[in-house]
Amino acid sequence: MLNEQDKRIVTMLSSSAFLAYVENLKLVQAALELLKSVRIGPDGHPAPPVRRVESHVGNSNVRYPSKKMGFVVDCESGRAEYYAALHFEHDPDVLEYYSQPATITLHYQSAAGRALTVPHTPDFLVMRVGAVEFVECKTVDGIEKQAQAQPNRYRKNPEGRWTSPPAEEAAQAHGIGYRLWTPAELTPQFAANLKYLDPHYHRLAAAYLPDHYAAVIAYVREHQGISLDALVEHFGSDAPGLIRWMIVQGHLFCDLQHQLVSESADLLLYSSPDLIRAAQHFGPGDTPWPTALTGSAPAPPQQASAAI
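Quick caveat, the model's predicted, so the values are computed rather than measured. (Residues numbered from 1 in each chain as written. Predicted model: local features only at pLDDT ≥ 70, side-chain atom pairs only at ≥ 80, totals over all residues. Heavy atoms only, no water.)

Residues V62, Y64 and S66 point to one face of strand β1 (residues 62-66) and are all buried, whereas R63 and P65, pointing to the other face, are not buried. Pairing geometry for β1 and strand β2 (residues 71-75), over 5 bridges, is antiparallel. Its bridge partner being in β2, Y64 is matched across the sheet by V73. Connecting the antiparallel pair β1 and β2 is a turn made up of 4 residues, with G70 showing a positive phi of about 85 degrees. (Buried < 20%, exposed > 50% of the residue type's maximum accessible area, 1.4 Å probe, protein only. Helix = DSSP H or I, 4+ residues; strand = E, 2+ residues; numbered from the N terminus. Pairing = 2+ DSSP bridges.)

Right, here's the structure in full:
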């Protein structure tokens, strides 16, 4: 779990927000029961993964401390699942995500035509705006090899996207969707940002005390859309490392999908991920933003989300 200082930025849905979410999606009872079993375990906290992640040759486990979820997310693959977790963490459409959430049963034929019944634990259960889905993460090379060995389990649809018909059928029994995800779905900018920021992801959350970054947050709230260069000019030459650490820790936000963190002159910073979208309606930098959007309390993401 996160410490008390970090808990203030956790964005998991409240009980009332969760009920509104499932009612809005008109989820069937099976989906509701699945979500409840994953979100709330016997001890009242999110249920642990149904199976332990395992290391493989050439690959290692990654334990990612998620600010969005408020706990450590176990990733079995440093090349696929870890990148997916980072993607979910920074995607404002993703509300919650859970690793190794449940085991489903797949029915399909082998390449030789033999009927198979296979247990399968998807890598993630993802609650996003407009949908709930199981997500299985694969590298492009990995899924191509598996598709050759198991052509009835993995195949490309007419749009060229990898799918798993038996897994989709099994997920439908729970009233949710199923999707295969590869790092190829990342924008080139986002993939480059993950690599560039990787050293900061592995720094301890206590690397900087609140006294170090509270003034930066306050300044960005008053100058939404300010560039990293302008922020550094205001706070001094020691600020770049702090600011990049704040992006990783979820204290500051930028469009990681389309802007490069390494190109500081063009990188625009906000106090909430929701404000990245709202930026098209309000001017950057010194242009005043409505206080209903930016707020002044310690939890701008929740305030901005409600306001928008």
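Moving on to the sheet that holds strand β3 (residues 94-99). Taken in spatial order, the 4 strands line up as β3-β6-β7-β10 in an open sheet, and their pairing is mixed. Because the sheet does not close on itself, it has two edges, and the strands there are β3 and β10 (177-181). The average angle at which neighbouring strand axes cross in this sheet is 25 degrees, direction not considered. In this sheet, β10 lies alongside strand β7 (residues 131-137) in parallel orientation, the contact comprising 5 bridges. (Axes fitted to C-alpha atoms, helices over the stretch in contact; angles between N-to-C directions.)

Moving on, we get to helix α9 (residues 228-235). Side chains three or four residues apart in an α-helix point the same way, a direct result of the helix having 3.6 residues per turn. Among the residues of α9, L228, L231 and V232 are the ones counted as buried. Mapping the buried residues of α9 onto a view down its axis gives an arc of 100 degrees, with all of them on the same face. Contacts from the buried residues of α9 go to α8 (210-222), β11 (226-227), α10 (239-249) and β12 (268-269). Two residues or fewer past α9, G236 is found with a positive phi of approximately 105 degrees. (Arc of directions from axis to C-beta. Contact = heavy atoms within 4.5 Å.)

Time to look at the pattern of salt bridges. All chains considered together, the criterion is met by 7 salt bridges. The partner of E133 in a salt bridge is R128, and the shortest N-O contact between them spans 3.2 Å. For E133, a relative accessible area of 11% gives the class buried. Its salt-bridge partner being E185, residue R161 comes within 3.1 Å of it at the nearest N-O pair. Here the residue R161 occupies a position in the loop between β8 (155-156) and β9 (162-163), and E185 occupies one in the loop between β10 and α7 (188-201), the gap between them amounting to 24 residues. Given a relative accessible area of 32%, R161 falls into the partly exposed group. The exposure class assigned to E185 is partly exposed, which follows from its relative accessible area of 34%. Through salt bridges with shared partners, a single network forms among D91, R128, E133, R161, R179 and E185. (Salt bridge = Lys/Arg side-chain N within 4 Å of Asp/Glu carboxyl O.)

Every second residue of strand β4 (residues 104-109) is oriented toward a common face, the buried set being I104, L106 and Y108 and the non-buried set T105, H107 and Q109. Examined bridge by bridge, β4 and strand β5 (residues 115-120) share 6 bridges and lie antiparallel to one another. Directly across from H107, in β5, lies its bridge partner T117. The turn linking β4 back onto β5 is made up of 5 residues, and G113 within it adopts a positive phi angle of 95 degrees.

What follows covers the side chain of S66. Inspection of the secondary structure assignment puts S66 in strand β1. On the basis of relative accessible area, S66 is assigned to the buried category, the value being 0%. Polar side-chain contacts of S66 include one of 3.2 Å to the side chain of Y97. (Polar contact = N/O pair within 3.5 Å; in protein donor to acceptor, adjacent residues only side chain to side chain.)

Our next topic: the packing of aromatic side chains. As enumerated under the stated definition, the model contains 7 aromatic pairs in all. Relative to F124, the ring of F88 lies with its centre 5.3 Å away and its plane at 85 degrees, an arrangement referred to as edge-to-face. Placement of F88 in helix α4 (residues 81-90) and of F124 in strand β6 (residues 124-128) is noted, with a sequence separation of 36 residues between them. Both residues of the pair, F88 and F124, count as buried. Measuring from ring centre to ring centre gives 5.6 Å for Y219 and F235, while their planes differ by 90 degrees; the resulting arrangement is edge-to-face. In this pair, Y219 sits in helix α8 while F235 sits in helix α9, placing the two residues 16 residues apart along the sequence. Members of the aromatic cluster, connected to one another through ring pairs, are F88, Y97 and F124. Of note, R39 hangs over the ring of F18, and the distance from its end group to the ring centre comes to 4.1 Å. (Phe/Tyr/Trp six-rings, centres within 6.5 Å; stacked < 30°, edge-to-face > 60°. Lys NZ or Arg CZ within 6 Å of the ring centre and 35° of its normal.)

A separate point is the nonpolar core. Where a protein is soluble and globular, its nonpolar side chains tend to be buried together. Core analysis: the biggest nonpolar cluster contains 76 residues, and Y97, F124, F134, I243 and L269 have the highest contact counts within it. No other element matches the 7 residues that α10 contributes to this core. (Core = buried A, V, L, I, M, F, W, Y, C linked by side-chain atoms within 4.5 Å.)

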